[in-house]
Amino acid sequence: MKSRTISELLSQDFVSSEVDIKGWVRTFRANRFIALNDGSTINNIQCVVDFETLDEALLKRITTGAAVHIKGDLVESQGKGQNVEIQVTSIHILGDSDPETYPIQPKKHSFEFLRENAHLRTRTNTFSAVMRLRSSLSFAIHKYFNENGFYYVHTPIITGSDAEGAGEMFRVTNLDAKKLPLNKEGNVDYSEDFFGKETNLTVSGQLEAETYAMSLGKVYTFGPTFRAENSNTSRHLAEFWMIEPEVAFMNLAGNMDLAEDFMKYVLKYILKNNHEDLEFLDKRLQDEDKTKPQNERNEMSLIEKLNFVTDNNFKRVSYTEAIDILRDSTPNKKKKFKYIIKDWGTDLQSEHERFLVEKHFKCPVILFDYPADIKAFYMRLNDDGKTVRAMDILFPGIGEIIGGAQREERLDVLKQRMAATNIPEEDLWWYLDLRKFGTAVHAGFGLGFERLVMFATGMSNIRDVIPFPRTPQNAEF
Ligand code: 4AD
Ligand code: MG
């Protein structure tokens, strides 16, 4: 007999068939009803045991968290809330779980507590739903690029350059940190290090992706990236996953079209394929809302929000227009921004981004043409000499979800920008080569995968959408 997942058993018509199933006990009620889950669906299957025929010692071992192997008959359920149930004919305990010490009790746990038990938290409904959605979104991303003629490029994890020029890197060395040799100038001498030079974990695969776009045309990377920014916020991780498409012969307008089309596609994919999990998370948020004061409640439910984003155009606004709006606005009658923008050229804080998206435009916003001074060296300088063809996409509840740009394709301008930001040409000689040999207009963007998962699941802390979060002072698992 082929064993089937609980998802298959519940969604198909196998009534009155023999079944063979393995999973973990969620609850065991009245010595009779096992709620069993195998991770394939948010729903448990009810397994009914005939306790009179079962050995007392065996009954005691059917506890929350135990792994069991059940054989039985799938029949129409007498109880409410499920169509089918299993009449158990044999039960075998695969792995016991001590009910006294098992951390995931059948009750509501705080997310803080569950973070400390990240190795077991996916046995709860919320986290299993989030992680199934995370998996589905990854698949949808690959599917989108595959259907649109992109090649998947594996850019390196260990790099010899700083792609963002922001200096927020984790150093990689095989030398004993305590005995790092110094050169005459008193700096660490990396010539004896494994790679013979200073290396770090990548902050972005963009520069390497650009080299592939300039040969394969349309490419993307999807991999882990690392940032040593010491920001302990609900939207930053030290290790996060980034999706970075890069396209030759595409300008900033094409980049915006691509980003919008791509975001809508992946969100539509989960609306179509992950309905049960989304409904569960939607209900969770509505219940949470009921405990909040009226003015802090969500205006739309999770599923309404996802539908809204996929059905409406993103608003495209230049940085300069945004600054004008922000100068004239106060977020509400009583409160001003914590940081008041006075001058053109100031970087936006997340309070401003959230205001534009959630209060002013009330839809996703693509901000473009930022001041050159607050953006990375590789962005295409506009003819005004002071703005660059950058774009950030801001989402409700999230703020910045995508950062991208048309790239500077002119060798002389790129060199000037690197000099102005103290990036040595010898570090990026290969990047400059792209501008020497067959240079062309090209553009791309980076989507923070965890921020997408936050938006898609309604989770409010980024630590709850990645299996094992890495944040300052935290790499327990
Ligand atoms: O805006 P960023 O820094 O852009 C780049 O890295 C470009 N090289 C991308 C490109 O054009 N190919 O990062 C892109 C996105 C952000 O918009 C955000 O969603 C996410 O990556 N991100 C983070 N997510 C979680 N934790 C962090 N510390 C993040 N830093 C950036
Ligand atoms: Mg950014």
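Predicted model, so just to flag it, every value in this text is computed and none were measured. (Residues numbered from 1 in each chain as written. Chains lettered and ligands numbered in written order. Predicted model: local features only at pLDDT ≥ 70, side-chain atom pairs only at ≥ 80, totals over all residues.)

### A look at the domain arrangement of the protein chain
Along its sequence, the protein chain is carved into domain 1 (6-102), domain 2 (125-168 + 203-464) and domain 3 (170-200). Here the C-alpha centroids of domain 1 and domain 3 sit 57 Å apart. (Domains from an automatic or database assignment.)

### Overview of the sheet that holds strand β8 (residues 171-172)
A sheet is described by the order of its strands in space; here 3 strands give the open sequence β7-β9-β8, paired in antiparallel fashion. The strands lining the two open edges of the sheet, one partner per strand, are β7 (158-159) and β8. Alignment of β8 against strand β9 (residues 199-201), held across 2 bridges, turns out to be antiparallel. When the bridges of β9 are listed, arginine 171 appears paired with asparagine 200. (Pairing = 2+ DSSP bridges. Helix = DSSP H or I, 4+ residues; strand = E, 2+ residues; numbered from the N terminus.)

### Concerning the site of ligand 1
As a matter of local geometry, ligand 1 sits amid 23 residues, with Ser204, Gln206, Gly403, Gly446 and Gly448 nearest to it. Tallying contributions element by element places strand β15 (residues 399-406) first for the shell around ligand 1, with 6 residues. Grouping the constituent residues of the shell around ligand 1 by class yields 8 nonpolar, 8 polar and 7 charged. (Near = placed C-beta within 6 Å. Nonpolar A, V, L, I, M, F, W, Y, C, P; charged D, E, K, R; others polar.)

### Observations regarding the sheet that holds strand β3 (residues 45-48)
Taking strand neighbours around the barrel as the criterion, the 5 strands line up as β1-β2-β3-β5-β4 in a closed arrangement whose pairing is mixed. Recorded for the sheet is a direction-independent mean angle of 55 degrees between the axes of neighbouring strands. The sheet contact formed by strand β1 (residues 17-29) and strand β4 (residues 67-76) spans 8 bridges and is antiparallel. Within the sheet, the bridge partner assigned to serine 17 lies in β4 and is leucine 74. (Axes fitted to C-alpha atoms, helices over the stretch in contact; angles between N-to-C directions.)

### Here's the deal with helix α9 (residues 319-327)
Within α9, burial applies to Tyr319, Ala322, Ile323 and Leu326. Down the axis of α9, the buried set is contained in an arc of 100 degrees. They therefore lie on one face. Against β12 (315-318), α10 (350-360), β13 (365-371) and β14 (387-395) lie the buried residues of α9. (Buried ≥ 20, exposed ≤ 12 C-beta atoms within 10 Å, placed from the backbone. Arc of directions from axis to C-beta. Contact = placed C-beta atoms within 7 Å.)

### Some thoughts on the pairing of strand β10 (residues 218-226)
On any regular strand, side chains alternate: one points to one face of the sheet, the next to the other face. Bridging between strand β6 (residues 151-152) and β10 involves 2 bridges; their strand directions are parallel. Residue pairing across strands places tyrosine 151 opposite valine 219, the latter belonging to β10. Taken together, the 9 bridges between β10 and strand β11 (residues 239-248) define a ladder with antiparallel strand orientation. Its bridge partner lying in β11, glycine 223 is registered against methionine 242.

### Re the pairing of β14
Burial analysis of β14 places 9 of its 9 residues in the buried class, which makes it a mostly covered element. With 6 bridges connecting them, β13 and β14 associate as antiparallel partners. Looking across to β14, one finds that leucine 367 is bridged to aspartate 392. In the sheet, β14 pairs with β15 via 6 bridges, with the strands oriented antiparallel.

### Looking at the nonpolar core
Leu137, Met391, Ile393, Ile401 and Ala456 are the most contacted members of the largest nonpolar core, which has 92 residues in total. Residues within four places of leucine 137 in sequence aside, it is in contact with Val266, Ile270, Leu452, Val453 and Ala456. (Core = buried A, V, L, I, M, F, W, Y, C linked by C-beta atoms within 7 Å.)

### Points about the confidence of the model for the protein chain
Looking at the protein chain, pLDDT values average 94 and 99% of them are 70 or higher. Across the interfaces of the predicted complex, the ipTM metric reaches 0.99, alongside a pTM of 0.96. (pLDDT = per-residue confidence, 0-100.)

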